[in-house]
Amino acid sequence: MDTPLREPTFLILTALAAQPMHGYGLIGEVAALSDNRVSLRPGTLYGALDRLVDAGLVEVDREEVVDGRLRRYYRLSLDGERTLSSETERLRRNVEAATTRLSRRTRAARPTTPRIAGGLA
């Protein structure tokens, strides 16, 4: 799997870090994690899960039949955990660098109070 991870992939792995989940549970969890910015359609999600399984980052945890339909649960694999951890650290360093530079910019850009020339009034 290529890094950096695309945001939907990162969020799927993040959701599975907590516990095994089935597809529709993942759709809701990814929406919650992203404050509804990322909305996965079932076809997109299951395509991503197939790629993540093929890459060894996600594994099938179990299957069960609910209301006559097969429900497959997925879990984060050890390789998936390492990949998520590495990507999280990369993003953390990027955020730290941006935060540092923005704070320097903010301090440098603060307007100074003009001094009035002359003595005491």
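Summary of the structure given here. (Residues numbered from 1 in each chain as written. Predicted model: local features only at pLDDT ≥ 70, side-chain atom pairs only at ≥ 80, totals over all residues. Heavy atoms only, no water.)

Some words on the overall build of the chain
Right, so step 1: Each helix and strand in the chain was counted, giving 4 helices and 3 strands.
Right, so step 2: Each helix and strand of the chain, ordered N terminal to C terminal, gives the series α-β-α-α-β-β-α.
Right, so step 3: Principal-axis analysis of the C-alpha atoms places the extent of the chain at approximately 90 × 30 × 20 Å.
Right, so step 4: Per-residue burial for the chain yields a buried fraction of 26% across its 121 residues.
Right, so step 5: Taking as baseline every contact in the chain between residues at least 6 positions apart, the subset at least 24 positions apart corresponds to 46%.
Right, so step 6: Per element, the accessible surface of the chain, about 8,800 Å² overall, is 50% carbon and sulfur.
Right, so step 7: With 19 positive and 16 negative side-chain charges, the chain shows a spacing of 13 Å between the two charge centroids. (Helix = DSSP H or I, 4+ residues; strand = E, 2+ residues; numbered from the N terminus. Buried < 20%, exposed > 50% of the residue type's maximum accessible area, 1.4 Å probe, protein only. Contact = heavy atoms within 4.5 Å. Areas by Shrake-Rupley, 256 points an atom, 1.4 Å probe, with all protein chains shown as cover. Lys, Arg positive; Asp, Glu negative; His and termini not counted. Charge placed at Lys NZ, Arg CZ, Asp CG, Glu CD.)

Section: the pairing of strand 3 (residues 69-76)
Right, so step 1: Pairing analysis gives 2 bridges linking strand 1 (residues 21-22) to strand 3, with the strands arranged antiparallel. Of the residues in strand 3, the one forming a bridge with Met 21 is Tyr 74. (Pairing = 2+ DSSP bridges.)

Looking at the packing of aromatic side chains
Right, so step 1: Within the structure shown, the criterion is met by 0 aromatic pairs.
Right, so step 2: Arg 62 extends its terminal NZ or CZ atom over the ring of Tyr 73, reaching a point 3.8 Å from the ring centre. (Phe/Tyr/Trp six-rings, centres within 6.5 Å; stacked < 30°, edge-to-face > 60°. Lys NZ or Arg CZ within 6 Å of the ring centre and 35° of its normal.)

Side note on the environment of Arg 72
Right, so step 1: You can see Arg 72 is positioned in strand 3.
Right, so step 2: Assessed through its relative accessible area of 34%, Arg 72 is described here as partly exposed.
Right, so step 3: Separated by 50 residues in the primary sequence, Arg 72 and His 22 place their C-alpha atoms 5.5 Å from one another.
Right, so step 4: Among residues more than four places away in sequence, those in contact with Arg 72 are Met 21, His 22, Gly 23, Val 60, Arg 62 and Glu 63.
Right, so step 5: At 2.5 Å, the side chain of Arg 72 and the side chain of Glu 63 are in polar contact. (Polar contact = N/O pair within 3.5 Å; in protein donor to acceptor, adjacent residues only side chain to side chain.)

Concerning the packing of helix 1 (residues 7-18) against helix 4 (residues 78-109)
Right, so step 1: The N-to-C vectors of helix 1 and helix 4 enclose an angle of 120°; their axes lie 10 Å apart at closest approach. In terms of their interaxial angle, helix 1 and helix 4 are classed as oblique. When you trace helix 1 past helix 4, the crossing you get is left-handed. Contact with helix 1, carried on its side by Phe 10, Leu 13, Thr 14 and Ala 17, involves Leu 84, Glu 87, Thr 88 and Leu 91 of helix 4 and no other residues of that element.
Right, so step 2: Here the residues of the contact of helix 1 with helix 4 sort into 5 nonpolar, 2 polar and 1 charged. (Axes fitted to C-alpha atoms, helices over the stretch in contact; angles between N-to-C directions. Parallel < 35°, antiparallel > 145°, perpendicular 65-115°, else oblique. Left-handed = near helix turned anticlockwise from the far one by under 90°. Nonpolar A, V, L, I, M, F, W, Y, C, P; charged D, E, K, R; others polar.)

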